[in-house]
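# Examination of the molecular architecture
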Amino acid sequence: MTTEQATANGISITYEDKGPREAPVILLVMGLGGQLTLWPDEFVEALNAHGFRTIRYDNRDVGLSTRFDAAGVPNLKWMFVKAAIGLPVRPAYTLADMAADGMALLDHLGVQRAHIVGASMGGMISQHIAARYPDRVLSLTSIMSTTGNRRLPRANKEAMQVLANRPMSGGKEDLIAYSVRAARVIGSPGYPATEERLQRRVRSDFERGWYPQGVARQMAAIVSDGDRRAMLKEIKAPTLVIHGEADPLVPIAGGRDTAENIAGARLLTIPGMGHDLPLALVDTLADAIAEHAQSVAVAA
């Protein structure tokens, strides 16, 4: 993979730009702690084969993009307590800041309008993009994400524990073993990854840019963002919401709530899909996103 660096929104963003220059652009926004490599190569290639130019990037504080070391590491357990009792959480940056990163990256590349596709936290960021920059958004696809509505069901106990107990340090092999276990816990029960593929992906990502301190700050941005339902009602972009029916981390109610709060949104639920992008579903996901984006072009 060949990646490049852009100075955008005052930070350095690592990105990959793939596909025909003149093709319509899909901006891929990844979730909590996920490097751009968490978008499977096969998924990107499938979107390119559908005739799209794809841009995937490392969010701030993850992978090879700018790290916010000077901001310190938030106490996640205390942060969750504060949020639960209604006290304000003050993050190092917000999801709105991260949305501005994505738009600044498009500016750097000379892209005026794009189809926005976000997964998990990336879906939340993409919701901000669609609400805050409507003239830049051709369509929105929100995958395995949610609205911030505190009345929705929470993650199951095992998924919550694996998220809350992410180690900040330790031996390389122990940390890789943790990441493999975490991926299994939140992954798709109907489409489990092979051990060889999962080990290879986790090890590669660890060596490319393991940085748990940034994940903690990203989590603070999520917690502080609160309920987005009022914002979602402002979104005018044609919207597709995709959610796994077996998601243990963000239960399917989050996807339903997202679709219900965006006018005209269409909801696609997938049996057996958890909180990941399994190889067996690459074509299903790429086909759905391409069809959605192409329908917008036809309608225009």
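All residue numbers refer to positions counted from 1 along the written sequence of the respective chain. Note on the predicted model: pLDDT of at least 70 is required for a residue's local features to be given, and 80 or more for side-chain atom pairs to be given and counted; whole-chain, interface and lining totals, by contrast, use all residues. Note: side-chain values were computed over all heavy atoms of the structure, leaving out hydrogens and water.

### Quick look at the sheet that holds strand β2 (residues 11–18)
Taken together, eight strands build an open sheet; the order of strands is β1-β2-β4-β3-β5-β6-β7-β8 and the sheet is mixed. Each edge of the open sheet is held by one strand with a lone partner, namely β1 (4–8) and β8 (266–270). The sheet shows a mean angle of 25° between the axes of neighbouring strands, taken without regard to direction. Pairing between two strands is assigned when DSSP locates at least 2 bridges connecting them. For helices the rule is a DSSP run of H or I covering at least 4 residues; for strands it is a run of E covering at least 2, with both sets numbered from the N terminus onward. Bridge count for strand β3 (residues 25–29) against strand β4 (residues 53–57) is four bridges, and the pairing is parallel. Bridge pairing links Ile26 to Thr54 in β4. To define axes, lines are fitted to C-alpha atoms, for helices over the stretch in contact only, and angles between the resulting N-to-C directions are given on a 0 to 180 degree scale.

### Quick notes on the packing of helix α3 (residues 95–108) against helix α4 (residues 121–132)
At a closest axis distance of 8 Å, the pairing of α3 and α4 adopts a crossing angle of 75°. On the basis of the axis angle, α3 is roughly perpendicular to α4. Two secondary-structure elements touch here, α3 through Leu95, Ala96, Met98, Ala99 and Met103 and α4 through Met121, Met124, Ile125, His128, Ile129 and Arg132. Three residue categories are used. Nonpolar comprises Ala, Val, Leu, Ile, Met, Phe, Trp, Tyr, Cys and Pro, charged comprises Asp, Glu, Lys and Arg, and polar comprises the others, including Gly. For the contact of α3 with α4, the per-class residue count stands at nine nonpolar, one polar and one charged. Should an angle fall under 35 degrees it is taken as roughly parallel, and over 145 as roughly antiparallel, whereas 65 to 115 is taken as roughly perpendicular and any remaining angle as oblique. For this analysis, residues touch if any pair of their heavy atoms sits within 4.5 Å.

### Brief notes about the UniProt feature "domain: AB hydrolase-1" (unreviewed entry) in the protein chain
Within this numbering scheme, the UniProt entry marks residues 24–277 as carrying the feature "domain: AB hydrolase-1" (unreviewed entry). End C-alpha to end C-alpha, residues 24–277 measures 23 Å, and it is 43% helix and 13% strand. UniProt positions are given in the numbering used here, feature names are shortened, and annotations may be inferred rather than shown by experiment.

### Some remarks on the packing of helix α5 (residues 157–164) against helix α6 (residues 172–186)
Close contact between α5 and α6 brings their axes to 9 Å; oriented N to C, the two are set at 150°. With respect to their mutual orientation, α5 and α6 come out roughly antiparallel. As for how α5 packs across α6, the hand of that crossing is left-handed. Within the contact between the two elements, α5 uses Glu158, Ala159 and Val162 and α6 uses Tyr178, Ala182, Val185 and Ile186. When the residues that make up the contact of α5 with α6 are grouped by side-chain class, the tally is six nonpolar, no polar and one charged. In this scheme the crossing of two helices becomes right-handed for a clockwise turn of the near helix relative to the far one and left-handed for an anticlockwise turn of less than a right angle.

### Brief notes about the packing of aromatic side chains
Between rings of Phe, Tyr and Trp, where Trp is taken as its six-membered ring, a pair exists when centres lie within 6.5 Å; planes separated by under 30 degrees are stacked, by over 60 edge-to-face, and by other angles tilted. Enumeration over the complete set of coordinates arrives at three aromatic pairs. Here the aromatic rings of Phe68 and Tyr93 are separated by 5.1 Å at their centres, their planes lie at 55°, and the arrangement is tilted. Linking Phe68 in the loop between β4 and α2 (76–84) with Tyr93 in the loop between α2 and α3, this pair joins segments that are 25 residues apart in sequence. For the exposure calls, accessible area comes from a 1.4 Å probe over protein chains only, and a residue counts as buried if that area is under 20% of its type's maximum, exposed if over 50%, partly exposed in between. Tyr93 gets classed as buried once you look at its relative accessible area, which sits at 2%. On the basis of an interplanar angle of 35° and a centroid distance of 5.4 Å, the ring pair of Phe206 and Trp210 is categorised as tilted. A relative accessible area of 16% places Phe206 in the buried class. A ring is considered to have a charge above it if a Lys NZ or an Arg CZ atom is located within 6 Å of its centre and within 35 degrees of its normal. Directly above the aromatic system of Tyr93 lies the positively charged group of Arg60, at a separation of 5.1 Å from the ring centroid. The ring of Tyr211 has Arg67 sitting right over it, with the charged end atom 4.3 Å from the ring centre.

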